[in-house]
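Remarks on the overall topology
Here are the chains, one letter per residue:
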Amino acid sequence: MKGLLRKSGTLAVAVAAAAASWLAFFPPELLKVGDGYAAKIVCSNVFLAGREPEAVLAEDVQAPGHPLLKFVGVAVDRDQQTVTARIFGFAAPVRAVHRPGFGCTVTAGATMQALAAPAIGNTAGGAGALPSPDINWPEGSKADIEPAFQSLVDDPELAGPGMRAVAVIRDGRLVAEAYGSGFDRDTPLLGWSMTKSVTAALVGLRVADGRMDPEKANLIPEWSGDDRARIKLADLLAMQSGLAFNEDYGDVTDVTRMLFLEGDMAGFAASKRLEAAPGARFSYSTGTTNLLSRLWMGTFDGPAAALAYPRQALFDPLGMTSAVMETDASGTFVGSSYMYATAQDWARFAQFLLDDGRWKGRALLPDGFVEFMRAPTAASGGDYGSAQVWLMENGIRAGTGNFPSDTFWMLGHDGQAIMLVPSLRLAVVRLGLTPSRTGYDVQKLNGKIIEALD
């Protein structure tokens, strides 16, 4: 019996060693995606938002995420400005590196040294002087509080679980703001897919520069000679390109592989086959927006000018000193998902759209471009606009209930939302960590704020 037990114990040890060896050298992609996600989120929140890594890991990565994420640990090197994540303490290591002005990028091996080098063209990005608390928003950060609106954003049920920031803009003034515990008006927050609308604005700026045309086809060299050459810029803007792309976040899919494993996200999206005729079918795709980033950046003579453009052409004119749009390992902005900014800076961008792409009387976007952005598309059944904005949120469409017909939304993962109503000169910014399973409905907050206008 003792010999049998010894043999069983030896076998168990051998099996455990074999399993550990397999995980170390051939980790499943699900584990690599999880480590990539953890490294990226912790890196950005530590080096952009100034938060503590263990708190970010627990609150932002593990609590709302896949059960396997409970087994992920992170190591932060503040001198090299890197974060390395490993599941089970050793398996599937993935590193994210921070570069001033460009946030954090998931990378590995051969690309690591290139990304760790000082970035060109945007070193001041996100590092501007904080707006003065003694000057009213948008020039400064001082709010012009109206009690009717402030009482609504202070209501925990309306603000919702996991709320980190709420800001209400009315007639060009910041009339209410609220912040969750541990966050304030100076904390940059991730917009997730709200970043898509910023990318649409960058495309609009290049249209105004005469460098892009929504009706242009033959967009990508690798598409020449097949039916993908018929895809127009307008089809990409409206999410009706016809390209296959799996947007399910529950496993290793196109979107999770792209965001947390791929060094060239736009190249990954461009490689997808055509599964519907361009313009015929709406299909929400994060890969599509990263293609838009590659296209607008390609209108410059070199990467330095393209990398500097968001700050020079958009963020600086609007006073968005905290805004940082992050790149992938190839140097292309992840215009689908990765922009950090304070709630007040997200509100500045919202005000810019409310003013039809004008700032302090100066037209930055082409006349009518914001109207084009929110024009409903037939392919989406009216749910989506023509350029990276939503016309419906949580079952409520613009023009129903007390939501005016010109209402539109910027929406992002885990409860990021900006409602814009040009006719009411109103925008409501709501940021947080609120997974859909909580059942939170931001439209209750938005509806109450519209009611308060009376």
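By the naming in an unreviewed UniProt entry, the protein goes by 6-aminohexanoate hydrolase and is assigned to Rhizobium fredii.

1. A short note on the nonpolar core
If you look at the biggest cluster of nonpolar residues, it comprises 70 residues, and the most contacted ones within it are Trp296, Leu314, Met339, Trp346, Phe349, Phe352 and Leu353. With eight residues, the single largest contributor to this core is helix H13 (residues 343–354). Among all residues touching Trp346, those that are not within four sequence positions of it are Leu189, Gly191, Met194, Thr195, Val198, Met339, Ala341, Met410, Ile418, Val429 and Leu431. If you look at the next biggest cluster of nonpolar residues, it comprises 37 residues, including Ile87, Leu259, Val324 and Val334.

2. Description of the confidence of the model for the protein
Looking at the protein as a whole, the pLDDT averages 91, with 89% of positions reaching at least 70. Overall, residues 8–26 carries pLDDT values under 50, and its contacts beyond four positions in sequence, including any with other chains, amount to 11 contacts. In this model, residues 116–124 is a region of pLDDT below 50 whose contacts with residues beyond four sequence positions or in other chains number 16 contacts.

3. As for the pattern of salt bridges
Enumeration over the complete set of coordinates arrives at 21 salt bridges. Linking Arg173 and Glu146 is a salt bridge whose minimum nitrogen-to-oxygen distance equals 2.6 Å. Of this pair, Arg173 sits in strand E6 (residues 173–179) while Glu146 sits in the loop between helix H4 (112–116) and helix H5 (147–153), placing them 27 residues apart in sequence. For Glu275, the salt bridge is made with Arg273, and the minimal N-O distance between the two is 3.7 Å. A residue is classified by how much of its surface remains accessible, and Glu275, at 35% relative accessible area, is partly exposed.

4. Some remarks on the packing of aromatic side chains
A complete count under the given rule lists 16 aromatic pairs for this structure. On the numbers, 6.0 Å between centres and 80 degrees between planes, the contact of Phe282 with Trp390 is edge-to-face. Of the two residues, Phe282 sits in the loop between helix H10 (265–270) and helix H11 (286–297) while Trp390 sits in the loop between helix H14 (369–373) and strand E12 (392–393), which places them 108 residues apart along the sequence. Seen from their ring centres, Trp296 and Phe333 are 5.9 Å apart, and the 15 degrees between their planes marks the pair as stacked. On the criterion of sequence distance, the pair formed by Trp296 in helix H11 and Phe333 in the loop between strand E8 (324–325) and strand E9 (339–341) is long-range, its members being 37 residues apart. On the accessibility criterion, Trp296 (0% relative accessible area) is buried. These aromatic residues form a ring-pair network of at least three members: Phe102, Trp296, Phe300, Tyr309 and Phe333. Residue placement shows Arg206 over the ring face of Phe300; its charged tip is 3.8 Å from the ring centre.

5. Focus on helix H12 (residues 303–318)
With 16 residues, H12 should cover 22 Å at 1.5 Å per step; its first-to-last C-alpha distance of 23 Å lies within 8% of that length. A maximum bend of about 40 degrees is found in H12 at Tyr309, where proline Pro310 lies one to four positions downstream. Along H12, the positions that sit buried rather than exposed are Ala306, Leu307, Ala308, Tyr309, Pro310, Arg311, Ala313, Leu314, Phe315 and Leu318. Those residues of H12 hidden inside the fold are in contact with helix H7 (195–208), H11, E9, H13 and strand E10 (358–359). Once H12 finishes, Gly319 follows within two positions and takes phi at roughly 75 degrees, a positive value.

6. Re the pairing of E6
Counting buried positions along E6 yields five of seven residues, so the element is predominantly enclosed. Two strands pair when backbone bridges link them, and strand E5 (residues 163–170) and E6 are joined in this way by six bridges, in the antiparallel orientation. Residue pairing in the sheet places Ala165 in a bridge with Tyr179 of E6. Connecting E5 to the next strand, E6, in antiparallel fashion are two residues, including Asp171 with a positive phi near 55 degrees.

7. A closer look at unusual backbone geometry
Excluding glycine, a negative phi dihedral is what most residues carry, and trans is how most peptide bonds are arranged. Cis rather than trans, the peptide bond between Trp137 and Pro138 has omega equal to 10 degrees. Mapping Pro138 onto the fold places it in the loop between H4 and H5. For Ala92, which is not glycine, the phi torsion reads 50 degrees and is therefore positive. Take Ala92: it is sitting in strand E3 (residues 91–99). Of note, the phi angle at Met239 is positive, near 60 degrees, even though the residue is not glycine.

Cut-offs and rules
- Residues numbered from 1 in each chain as written.
- Predicted model: local features only at pLDDT ≥ 70, side-chain atom pairs only at ≥ 80, totals over all residues.
- Heavy atoms only, no water.
- Core = buried A, V, L, I, M, F, W, Y, C linked by side-chain atoms within 4.5 Å.
- Buried < 20%, exposed > 50% of the residue type's maximum accessible area, 1.4 Å probe, protein only.
- Helix = DSSP H or I, 4+ residues; strand = E, 2+ residues; numbered from the N terminus.
- Contact = heavy atoms within 4.5 Å.
- pLDDT = per-residue confidence, 0-100.
- Salt bridge = Lys/Arg side-chain N within 4 Å of Asp/Glu carboxyl O.
- Phe/Tyr/Trp six-rings, centres within 6.5 Å; stacked < 30°, edge-to-face > 60°.
- Lys NZ or Arg CZ within 6 Å of the ring centre and 35° of its normal.
- Expected span 1.5 Å × (residues − 1).
- Bend = angle between axes of the 7 residues up to and from the residue.
- Pairing = 2+ DSSP bridges.

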